[in-house]
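This is what each chain is made of:
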Amino acid sequence: MKTAFVTGASSGFGRAICCTLIGKGYRVIGGARRMDKLKALEAELGVDRAQASSAENWQRMIDTNITGLAMVTHKILPQMVEADSGMIINIGSIAGTYPYPGGNVYGASKAFVRQFSLNLRADLAGTRVRVSNIEPGLCSGTDFSVVRLNGDLDAVQALYRDVEAILPEDIAATVAWIAEQPAHVNINTVEIMPVAQSSAALNVVRNLPRA
Ligand code: 8X3
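On a predicted model such as this, the values are computed, not experimentally measured, just so you know. Residue numbers run consecutively from 1 along every chain, following the written order of its sequence. Since the coordinates come from a predicted model, pLDDT governs what is reported: local features require at least 70, and pairs of side-chain atoms require 80 or more to be given and counted, while whole-chain, interface and lining totals use all residues. Working from all heavy atoms in the structure, the side-chain values ignore hydrogens and water.

1. A short note on the site of the ligand
Rules: Throughout, the term near means that a residue has one or more heavy atoms lying within 4 Å of the molecule or strand in question. Residues adjacent in sequence count toward polar contacts only when both atoms are side-chain atoms; beyond that, a polar contact is any pair of N or O atoms within 3.5 Å, and within protein one must be able to donate a hydrogen and the other to accept it. The Shrake-Rupley method, run with a 1.4 Å probe sphere, supplies the accessible areas, and residue values consider only the shown protein chains as cover. By the convention adopted, Pro, Cys, Tyr, Trp, Phe, Met, Ile, Leu, Val and Ala count as nonpolar, Lys, Arg, Asp and Glu as charged, and the other residues, Gly among them, as polar.
All residues adjacent to the ligand are S93, I94, Y100, Y106, P136, G137, L138, F144, R148 and Q197. Y100 places a polar side-chain atom, nitrogen or oxygen, 2.6 Å from an oxygen atom of the ligand. In the environment of the ligand, an oxygen atom lies 3.2 Å from a nitrogen or oxygen atom belonging to the backbone of L138. Here the ligand, which alone exposes 240 Å², has 89% of that area covered by the protein. Here the shell around the ligand is built from residues that sort into six nonpolar, three polar and one charged.

Put into structure tokens, the structure is as follows:
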């Protein structure tokens, strides 16, 4: 029986991933922080423009998305290399590639996830340990946007109005697809947006007072 260790297992993507993998016969070990759920989410997400963000919030995001990921990886990697098997599937974000207002430390932390995943691949050359990074775009069905929009449910409703966003189940299905690839295949990166989401033009500010 295959075993999966899923972090963030109590809600959102992690929870959906656990359900999907259990349904596929995996033995799933779920890990979740004991912090209050919303605090935990806040730690993962950017919520404000950089100039209005609190240093505490930035620190929590760095602790969770960068330090947390690095330290969990540091803990399990030697055993995976020793066994010469296994797969690390990280959850990045399109925010790690595309800059947008409010992305600040959140996007930068997801850029870390992207580069860390690719760099792990470089160090794991010659082993059978595989590393993938999934980069989702706009996703509904989690508390992500509620936290990001400071609990403003009207704003959340406006964000998802008339948009068919990605669901946690879509991400879970992608995790399962990656996990089911033959042993000689490594999926490096999967970027997933809803069909309704795409890049926009770069912002140009008009009539900016001259210095
Ligand atoms: C966040 C993706 O599109 O909501 O990870 O900014 S998006």
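2. A short note on the nonpolar core
Test applied: Think of a nonpolar core as a cluster: buried Ala, Val, Leu, Ile, Met, Phe, Trp, Tyr and Cys residues, connected wherever their side-chain atoms sit within 4.5 Å. Here the term buried applies to any residue with accessible area under 20% of the maximum for its type, exposed to any over 50%, and partly exposed to those in between, with areas from a 1.4 Å probe on protein chains only. A run of DSSP states H or I qualifies as a helix once it reaches four residues; a run of E qualifies as a strand once it reaches two. Both are numbered from the N-terminal end. Two residues form a contact once any of their heavy atoms are found within 4.5 Å.
Within the largest apolar cluster, 20 residues are counted, with the highest numbers of intra-cluster contacts made by V6, I17, L21 and I192. Of all the secondary structure elements, the ones that give two or more residues to this core are β1 (3-7), α1 (12-23), α7 (168-179) and β5 (189-192). If near-sequence neighbours (up to four positions away) are discounted, V6 is found in contact with G14, I17, C18, L21, V28, I29, G30 and G31. Membership of the second largest hydrophobic core comes to 10 residues, among which are L69, I88, L124 and V131.

3. Topic: the pattern of salt bridges
Threshold: Definition used for salt bridges: Asp or Glu carboxyl oxygen within 4 Å of a side-chain nitrogen of Lys or Arg.
In total, this model carries four salt bridges according to the counting rule given. Between R60 and E56 there is a salt bridge, with its nearest N and O atoms 3.4 Å apart. Of the two residues, R60 and E56 are both situated in helix α3 (residues 55-83); the distance of four residues between them amounts to about one turn of the helix. Take R60: its relative accessible area is 16%, and that puts it in the buried class. Since its relative accessible area comes to 54%, E56 is described here as exposed.

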